[in-house]
Amino acid sequence: MESTTENVSGLGSRRQCCHINQNLLPVKGFYFILLAAVGSLLPFFTIYVKQLGLTPSEAGVLYGVMPFVGFFVRPVIGLFTDKWQKHKLALILASILTAVFYLLILAIPSRRVPPAVATTKLECNIQDSYFRSCLTSSASNESNNCPVSLLTFADRVLSNTTRDGIGSLLECEVKCMLGNSINEKTFEMCFTNSSEEFIKSCTGTRIGDLPVTFGLANLSHILTVDIERDRIDAGDIHCRDYDLKALIYQSQHFWQVFCSEPVALDCQITCKNINVCISHKKEFDTTFWLLFLVYLFANIVFAPIFSLADATAFKTLKDKGHKFGKQRMWGTVGFALFAITSTFVMYFMSSQGNVIDYKILFYIFAVLCLIAAVIAFYMDFEDVQCGNIFWNLLTVLKKGKVLAFLSVVLHFGMINGTIEGFLFWYLLDLGATPLIFGLSLVVNCLFEVPVFLGSGHVIKHLGPVSCLYIAMAALTIRLLGYSLLINPWFVLIIEPLHSITFGLMWASAANYANILAPSGMQATVQGLVGGIHFGIGKGIGGLMTGVLFDHIGERWTFRAYAIATLVFLKVYFLVNYFLLQAEKKRKAMSHANEDKGVGVNSEEGNQHLLLKLSPETPDDGTEADMTNRAVRA
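Scope of this entry: the structure provided in the associated data block. (Residues numbered from 1 in each chain as written. Predicted model: local features only at pLDDT ≥ 70, side-chain atom pairs only at ≥ 80, totals over all residues. Heavy atoms only, no water.)

Once that is clear, we can look at the overall build of the protein. The helix and strand inventory of the protein stands at 19 helices and 15 strands. For the protein, buried positions account for 52% of its 633 residues. Intrachain contacts of the protein at a sequence separation of at least 6 include 79% that bridge at least 24 residues. (Helix = DSSP H or I, 4+ residues; strand = E, 2+ residues; numbered from the N terminus. Buried < 20%, exposed > 50% of the residue type's maximum accessible area, 1.4 Å probe, protein only. Contact = heavy atoms within 4.5 Å.)

This part covers the sheet that holds strand β8 (residues 205-207). Across the sheet, three strands lie side by side as β8-β7-β14; this open sheet has antiparallel pairing. Edge strands, defined here as strands with exactly one partner in the open sheet, are β8 and β14 (256-259). For this sheet, the mean inter-axis angle between neighbouring strands, taken without regard to orientation, is 20°. With four bridges connecting them, strand β7 (residues 189-192) and β14 associate as antiparallel partners. If you follow Met-189 over to β14, its bridge partner there is Cys-259. (Pairing = 2+ DSSP bridges. Axes fitted to C-alpha atoms, helices over the stretch in contact; angles between N-to-C directions.)

As used in these notes, a disulfide is a covalent bond between sulfur atoms, one from each of two cysteines. What the rule picks out here adds up to four disulfides. Here Cys-172 connects covalently by a disulfide to Cys-271, the sulfurs 1.9 Å from one another. Its S-S torsion of approximately 105° makes the covalent link between Cys-172 and Cys-271 right-handed. With a gap of 99 residues between them, Cys-172 in strand β6 (residues 172-177) and Cys-271 in strand β15 (residues 263-271) connect regions that are remote in the sequence. Across the pair, exposure class does not vary: Cys-172 and Cys-271 are buried alike. Linked covalently through their sulfurs, Cys-176 and Cys-267 form a disulfide whose S-S length is 2.0 Å. Between Cys-176 and Cys-267 the disulfide shows an S-S torsion of about 110°. By sign, it is right-handed. Of the two residues, Cys-176 is situated in strand β6 and Cys-267 in strand β15; the sequence distance between them amounts to 91 residues. (Disulfide = S-S within 2.5 Å.)

Another aspect to go through is the pattern of salt bridges. One pass over the full model with this rule turns up five salt bridges. Between Asp-266 and Lys-121 there is a salt bridge, and its shortest N-O distance comes to 2.5 Å. Residue Asp-266 is located in strand β15, and its partner Lys-121 is located in strand β3 (residues 116-124); the two are separated by 145 residues in the primary sequence. We classify Lys-121 as partly exposed; its relative accessible area is 31%. (Salt bridge = Lys/Arg side-chain N within 4 Å of Asp/Glu carboxyl O.)

Below, the discussion takes up the packing of helix α13 (residues 434-462) against helix α14 (residues 464-483). For the pair α13 and α14, the least separation of the axes is 9 Å and the interaxial angle reads 150°. On α14, the residues touching Asn-444, Val-458, Ile-459 and Leu-462 of α13 are Pro-464, Ser-466, Cys-467, Ile-470 and Arg-478. Among the residues making up the contact of α13 with α14, the classes are represented as six nonpolar, two polar and one charged. (Nonpolar A, V, L, I, M, F, W, Y, C, P; charged D, E, K, R; others polar.)

Here it is as structure tokens:
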């Protein structure tokens, strides 16, 4: 809204009122609804993929390949919409088809993943209890299927979840049967928080009937922190004892369990949501390829939406492109509101003890996409002039500063793709709940809104290059913070940096891309920038992160990215410095040549003109700055 001042006839006074720019209302509405759709589903899509039964390697393929598809689709559709002037039709169809293909994902059957099962002995007496697992050398190569001995199960858990020094929150159920002859009339088990020996006056929960079933709050903790009570090697038999702590019996938490007399119970441990016992033959089966195909078409139709919307926003803003952040901010508001909605839906389902059903999020997503298509019908798509598109694009790419800028966009795309695809996966390994996921998204949006609001003023006074420096410094801190996380709740302290690493960065990148775009090529250049960031960058980030998670662990992956970002910041600064020095030399030579023919007064005028044409001059949205943009491009 813009404030205007009017003289009211007969009153002799001035009245302050608010004037709403009707042309920008559909732009704001489209960003709000479409980002609301994105916030309602896409942040949780990784968890849905895991619920379908896909392995991390399969998820890595999905998140690594699809962004490359988007990279090629965005500029191609941008070229055709520029050429045929069908921006509105393309945006409407893309929104509708996105809803359709994401709904089709619900028709893909989930892979039935059997629970991981381990067998072991439970040794229990009046002052101690522990799991004892033994394995003979002849049985050392147990199959990938379950059940397996707890000793083999432990080795697989450690190799999968504790490579970088952390353990997954692995909740399991234990069912124990009578293993040796005991007097069932006098036998009792006592679940207690006391460290005293078993006595008749046990203050915990006492049971005397077998079989008994109880839960483990975190098996990974038992296998890693309290791992070696003892090692026993006799001939070809290898045994290991695991101290038994942190138990759950009848929904109550206890520290340990004692028995009224020494016993050895036969137990079976069942764990869900872990694939240490799944045969790799089940990877890349029908479930995966069906999901891959439908998800491929969903990404193809979704890819050009934001590029078309951004180009339309800049065309509607005309000479006030620095106000783009205020339009994009409404998308952040919609994202936050519906991310909160989705979070509470999942939290309510989990609090009721139900398995979280993500289908409702797909329905919300589809409805919002259809509403976005309706809003797109009312957006004002001005005609654009199409010159020699490929020649102009190549001309833009020949500029050193443009290539440096696109490399920055690529790097941010790699890191943002990593965070989008693997941060929740990492937090799950730290024991995060859906509530933490939702709150992290809310924190992102709450801090992103004021940054988008003030991005125009920041870019105007500092310039887009300086804003990118700030964003890279913030990204280094953010990645380093991830690598130091112990408690997943602490991620909420780190996430405000998202407002800088994406909010300020993207507002600067979109504004700068609009400045660089030749006349009639706004959609094409916006498509190129979006393709590099959300396509090539995100794809490389997804593929690299999957490999790094497997080889150096989660923590060191984030540390490696933090170091790489810091190095990239220094390199980008030096590149801009030397490009600026070369430009100053060129200008100095131009001054010297002009001085010979035009004199002192003309020199002053030329200096003023060169200053205005300098790429480092901030834009304020005036007509002179629009001329500057055209000359720079």
